[in-house]
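Here's the letter readout for the chains.
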Amino acid sequence: MKHLIFTISALLFLLSGCAKDKVEQPRFEVRTAALTFKVGEEITFNFSGNPDNITFYSGEDGKKYEHRNRTSLPGKLQLQFTSLLDRGLRQNLSLMVTSDITGAINATTVSAAKWTDVSSRAVFSTGADNTPSGAIDLSDFSDLGKPISVAFKYTDVKTTAQQNRWVIRTFNANSVRGTSVTPLAVMADAGWVGINYKNPAAVWTITSAQLLMYGGAANSDDNEDWVVSKQLDPNFIKSDVGFVVKNISTQTSDFTYKFNSAGIYKVTFLASNRLGESAKETVKEITLNIVQ
């Protein structure tokens, strides 16, 4: 009998422990004094309930709850760079584009890809340093639905003069949607790969600050070198993010916020309770009219 009582007690204890470890649905409500406020007016959101975590999405661009997991949206690839041409005025640098590379970027895949010369869309240095290329629209490649690689192709020939020296000072690749811009790459993280086809004595020098083709000395052999970027996805977009109002180590009964532009905003609060990998969430929305 004692053994039976002990067994039942142990079972009840285990069940009690499991109940305590169970994640509960968050009890959470949020209210404001009104639904219409002025630009710049401080809005107080009053909370009831006590969830472990509360995250606030204002409904402004980049801060929308419904876009928190979005990573893709049709966009147009746009490039800009600055350049320097030194020791010669011959234009022997080309801007090339492809959506035809699959796998690693190397001499074989670069040779096999179908490239398009878009040099006519850019302004290159004719001797002045930091010459801006202008905004280079690659919409026609963006519409193909594939990642895009861009390259600078350097070619020079054997002459009695020293071959041209080129420097790409800055580089920016962006996905553009109207007035919205999503950065895709800058010089330091564009994943440049140098490819040599002729004259291995003169190749691209790649650093986080610039791309440098020094060229060959007088009477150097013909030269052909490419420097190719990683694949750029014009449809990439950063997920919208919220502001953490509360976590399990803090307590709060309200939160204040100001809107700087007029409009109608769907404000969202995500309340959650978590235990290990288990979680339960409660979502509350308030539509606010912000006027001048």
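Caption draft 1: Geometry of the overall build of the protein. Across its full length, the protein carries three helices and 20 strands. Against the compact-globule benchmark of 19 Å for 292 residues, the protein has a radius of gyration of 29 Å, which places it well outside the compact range. By its C-alpha atoms, the protein is 100 × 65 × 30 Å across when sized along the principal axes. The buried share of the protein, taken over its 292 residues, is 40%.

Caption draft 2: Structural context of the layout of surface pockets. Of the pockets and cavities examined, the largest pocket occupies roughly 290 Å³. Forming the boundary of the largest pocket are 15 residues, of which Gly62, Arg70, Ser180, Ile237 and Asp240 lie nearest the centre. Looking at the lining of the largest pocket, the element that brings in the most residues is strand β12 (residues 180-186), giving four residues. Residue composition of the lining of the largest pocket, by class: four nonpolar, five polar and six charged. Of the pockets and cavities examined, the second largest pocket occupies roughly 170 Å³. If you trace the second largest pocket, you find it lined by Lys22, Val23, Glu24, Gln25, Pro26, Arg27, Asn50, Pro51, Asp52, Asn273, Arg274 and Leu275.

Caption draft 3: Inspection of the environment of Gly75 at higher detail. With respect to the helices and strands, the residue Gly75 is situated in the loop between β4 (53-57) and β5 (76-86). Residues within four places of Gly75 in sequence aside, it is in contact with Ser142, Ser175, Val176, Arg177, Pro234 and Asn235.

Caption draft 4: Structural detail: unusual backbone geometry. Unusually for a residue other than glycine, Asn199 sits at a positive phi of about 60 degrees. Along the chain, the position of Asn199 falls in the loop between β13 (193-198) and β14 (204-206). For Asn199, a relative accessible area of 13% corresponds to the buried category. In this structure, Asn219 is a non-glycine residue whose phi angle is positive, near 65 degrees. Of note, Asn219 is situated in the loop between β15 (211-213) and β16 (223-228).

Caption draft 5: Focus on the confidence of the model for the protein. The share of residues in the protein with pLDDT of 70 or more is 92%, and the mean pLDDT across the chain is 91. Note that pLDDT drops below 50 for residues 1-20; the model gives that stretch zero contacts with residues more than four away or on any other chain.

Caption draft 6: Highlighting the nonpolar core. With 31 residues, the main nonpolar core has Phe81, Leu138, Phe152, Phe171 and Trp192 as its most contacted residues. Breaking this core down by element, the ones donating at least two residues are β5, β6 (93-98), β10 (149-156), β11 (165-177), β12 and β15. Those residues in contact with Phe171, other than ones at most four positions away along the chain, are Leu79, Gln80, Phe81, Val150, Phe152, Ala185, Val186, Met187, Ala190 and Trp192. In this structure, Val30, Val267, Phe269 and Ile290 belong to the second largest nonpolar core, which totals 19 residues.

Caption draft 7: Examining the packing of aromatic side chains more closely. Here the structure, examined in full by the defined rule, presents 20 aromatic pairs. Taking the centre distance of 5.4 Å and the plane angle of 50 degrees together, the rings of Phe28 and Phe47 count as tilted. Placement of the pair is Phe28 in strand β1 (residues 28-31) and Phe47 in strand β3 (residues 43-49), with a sequence separation of 19 residues. A relative accessible area of 12% means that Phe47 is categorised as buried.

Criteria and cut-off values
Residues numbered from 1 in each chain as written. Predicted model: local features only at pLDDT ≥ 70, side-chain atom pairs only at ≥ 80, totals over all residues. Heavy atoms only, no water. Helix = DSSP H or I, 4+ residues; strand = E, 2+ residues; numbered from the N terminus. Rg over C-alpha atoms; globule rule 2.2 N^0.38 Å. Buried < 20%, exposed > 50% of the residue type's maximum accessible area, 1.4 Å probe, protein only. 1 Å grid on protein atoms, 1.4 Å probe; cavity = no way out; pocket = protein on both sides within 12 Å on 5 of 7 lines; lining within 4 Å. Points joined across faces, edges and corners; volume = space filled by probe spheres on them. Nonpolar A, V, L, I, M, F, W, Y, C, P; charged D, E, K, R; others polar. Contact = heavy atoms within 4.5 Å. pLDDT = per-residue confidence, 0-100. Core = buried A, V, L, I, M, F, W, Y, C linked by side-chain atoms within 4.5 Å. Phe/Tyr/Trp six-rings, centres within 6.5 Å; stacked < 30°, edge-to-face > 60°.

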